Amino acid sequence: MALLTVRKLVMEYDGRAVLDGIDLDLEEGELKVVMGPSGCGKSTLLRCLNRLLTPTSGQIIFRGEDVTRPDTDVRALRQRIGFVFQNFALYRHLTALENVTLGLRKLRGMAAAEAAERALHELRRMDMAEHQRKYPAQLSGGQKQRVAIARALAMDPAVLFFDEPTSALDPLMAREVVNVIGQLRRDKVSMLCVTHDLFLARSLGCRVLFLDQGQVQAEGEAEQLFGDHADPRIRAFFSQAVGGGEAAGR
Ligand SMILES: Nc1ncnc2c1ncn2[C@@H]1O[C@H](COP(=O)(O)OP(=O)(O)O)[C@@H](O)[C@H]1O
Ligand SMILES: [Mg+2]
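All figures in this text were calculated on a predicted structure; none of them were measured in a lab. (Residues numbered from 1 in each chain as written. Chains lettered and ligands numbered in written order. Predicted model: local features only at pLDDT ≥ 70, side-chain atom pairs only at ≥ 80, totals over all residues. Heavy atoms only, no water.)

Enquirer: Let's hear about the packing of helix 4 (residues 112-125) against helix 5 (residues 141-154): which residues, and what values?
Expert: Two numbers describe how helix 4 lies on helix 5: the axes approach to 9 Å, and their chain directions differ by 135 degrees. Here helix 5 runs oblique to helix 4, going by the angle between their axes. Considering how the two elements wind past one another, helix 4 and helix 5 form a crossing that is right-handed. From helix 4, Arg118, Glu122, Leu123 and Arg125 reach across to helix 5, where they touch Val147, Ala150, Leu153 and Ala154. Taken together, the residues of the contact of helix 4 with helix 5 break down into five nonpolar, no polar and three charged. (Axes fitted to C-alpha atoms, helices over the stretch in contact; angles between N-to-C directions. Helix = DSSP H or I, 4+ residues; strand = E, 2+ residues; numbered from the N terminus. Parallel < 35°, antiparallel > 145°, perpendicular 65-115°, else oblique. Left-handed = near helix turned anticlockwise from the far one by under 90°. Contact = heavy atoms within 4.5 Å. Nonpolar A, V, L, I, M, F, W, Y, C, P; charged D, E, K, R; others polar.)

What follows is the structure, given as structure tokens:
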């Protein structure tokens, strides 16, 4: 069964369709990347999928359940989706370990010892156990992102959503995050990653959707899209200097 099936998804802001009929499928254990220029609706898509936004129309089926229905338990849905943001969203006054245990204690009601054990397991997986007592200010950008990923994984989500996970990072740190996502992929973690970072998409070498003007303009293996595509807009986007960074995709 597909983890996520999206059909004809439309999201309008003030009568203007930012998403204009999106179809998307994510299988269990699959990694898919959604690319497209800034402002094309990538973040809007993720926010619709975890129901932070209510789509104007269309269907989102999450593990067989239509989560666009008005009676959907959106809190329960969001607890099944781990979210990783561009700016890490870590609490500055908490250590790496405390950032990971917080949700386990507050949302899952775990006892301190159990939460710490689970958090340490995920920090170890992210190769961050030795930094567990450090505060975010004492960590590099790549390390902060690895703590944020450990925090998301600790909640045992059905899927991880990444929104521009490398945009705030220099190329070396971006590579750290790419490696981690690659490792999670081998572990068969289901992941949906939106980005305009060409380097990220290309290094992961997975299936890529190209989103522009509210629609999926192309879908294929990364190398196919990075090749000499017939559509000039798609060719223009994917032929920009590889290396990611803020300039890419604009
Ligand atoms: N709350 C909002 N109200 C009105 N327009 C919005 C709102 N949020 C985003 N938009 C517009 O929707 C479009 C898509 O935004 P976004 O999903 O953030 O794009 P991306 O993540 O691809 O850069 C942009 O034109 C943006 O200005
Ligand atoms: Mg965005």
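From this point, things continue past the structure.
Enquirer: Now, about the UniProt feature "domain: ABC transporter" (unreviewed entry) in the protein chain: what can you tell me, with residues and values included?
Expert: The UniProt record annotates "domain: ABC transporter" (unreviewed entry) at residues 4-238. Between the C-alpha atoms that bound residues 4-238 the distance is 26 Å, and the span itself is 37% helix and 26% strand. (UniProt positions renumbered as here; feature names shortened; annotations may be inferred.)

Enquirer: Describe the packing of aromatic side chains, with residues and values.
Expert: Centre distance and the angle of the planes are the two values used to describe a pair of aromatic rings. Within this structure, the stated rule accounts for six aromatic pairs. Judged by centre distance (5.8 Å) and plane angle (85 degrees), the rings of Phe83 and Phe161 are edge-to-face. Linking Phe83 in strand 6 (residues 81-84) with Phe161 in strand 7 (residues 159-163), this pair joins segments that are 78 residues apart in sequence. Comparing Phe83 with Phe161, the two get one shared label, buried. Between Phe226 and Phe238, the aromatic rings sit 4.9 Å apart at their centres with planes inclined by 80 degrees, giving edge-to-face as the arrangement. In this pair, Phe226 sits in helix 8 (residues 222-226) while Phe238 sits in helix 9 (residues 232-238), placing the two residues twelve residues apart along the sequence. (Phe/Tyr/Trp six-rings, centres within 6.5 Å; stacked < 30°, edge-to-face > 60°. Buried < 20%, exposed > 50% of the residue type's maximum accessible area, 1.4 Å probe, protein only.)

Enquirer: With reference to specific residues and values, describe the sheet that holds strand 5 (residues 65-66).
Expert: On the basis of which strands lie adjacent, the open sheet formed by four strands has the order 2-1-4-5 and antiparallel pairing. Bordering the open sheet on either side are strand 2 (16-27) and strand 5, each of which pairs with just one other strand. Packed on one face of the sheet, helix 1 (residues 42-49) meets strand 1 (2-13), strand 2 and strand 4 (57-62) and runs near 120 degrees to strand 1. (Pairing = 2+ DSSP bridges.)

Enquirer: If you had to explain the nonpolar core to someone new, which residues and values would you point to?
Expert: Counting residues in hydrophobic clusters, the biggest one holds 53 residues, and the most contacted among them are Ile149, Leu160, Leu184 and Phe238. Residue contributions to this core peak at seven residues, all from helix 5. Looking at this core, you find at least three residues from each of domain 1 (1-80 + 159-250) and domain 2 (90-157). With residues near it in sequence (within four places) discarded, Leu184 still touches Arg125, Met126, Ile149, Leu153, Leu160, Val189 and Met191. Ranked by size, the runner-up nonpolar core spans 29 residues in total, among them Leu26, Cys48, Leu53 and Phe161. (Core = buried A, V, L, I, M, F, W, Y, C linked by side-chain atoms within 4.5 Å. Domains from an automatic or database assignment.)

Enquirer: Pulling in residues and values, what's your account of the environment of Gly41?
Expert: Counting through the fold element by element, Gly41 comes out in the loop between strand 3 (31-35) and helix 1. On a C-alpha basis, the gap between Gly41 and Gly214 in space is 6.9 Å, while along the polypeptide they are 173 residues apart. The contacts of Gly41, once residues within four sequence positions are left out, are Val18, Leu19 and Leu211.

Enquirer: Hey, could you go over the domain arrangement of the protein chain for me, with residue numbers and the actual values?
Expert: We note that the domain assignment places domain 1 (1-80 + 159-250) and domain 2 (90-157) within the protein chain. Using C-alpha coordinates to define each centre, domain 1 is positioned 25 Å away from domain 2. Taken together, the contact pairs 16 residues of domain 1 with 14 residues of domain 2. Approximately 1,200 Å² of surface area, both sides summed, lies buried where domain 1 meets domain 2, with 63% of it carried by carbon and sulfur atoms. Contact with domain 2 buries surface across domain 1, with Gln79, Glu176 and Val180 losing the most and accounting together for 36% of the total. On the surface where domain 1 and domain 2 come into contact, there are two salt bridges. At the boundary of domain 1 and domain 2, one finds four residue pairs in polar contact (both at pLDDT 80 or more). Residue assignment for the side of domain 1 that touches domain 2 shows that the elements contributing at least two residues are helix 2 (74-79), strand 7 and helix 6 (171-186). For the side of domain 1 that touches domain 2, the leading source of residues is helix 6, giving six residues. (Buried area = accessible area lost by both parts, 1.4 Å probe. Salt bridge = Lys/Arg side-chain N within 4 Å of Asp/Glu carboxyl O. Polar contact = N/O pair within 3.5 Å; in protein donor to acceptor, adjacent residues only side chain to side chain.)

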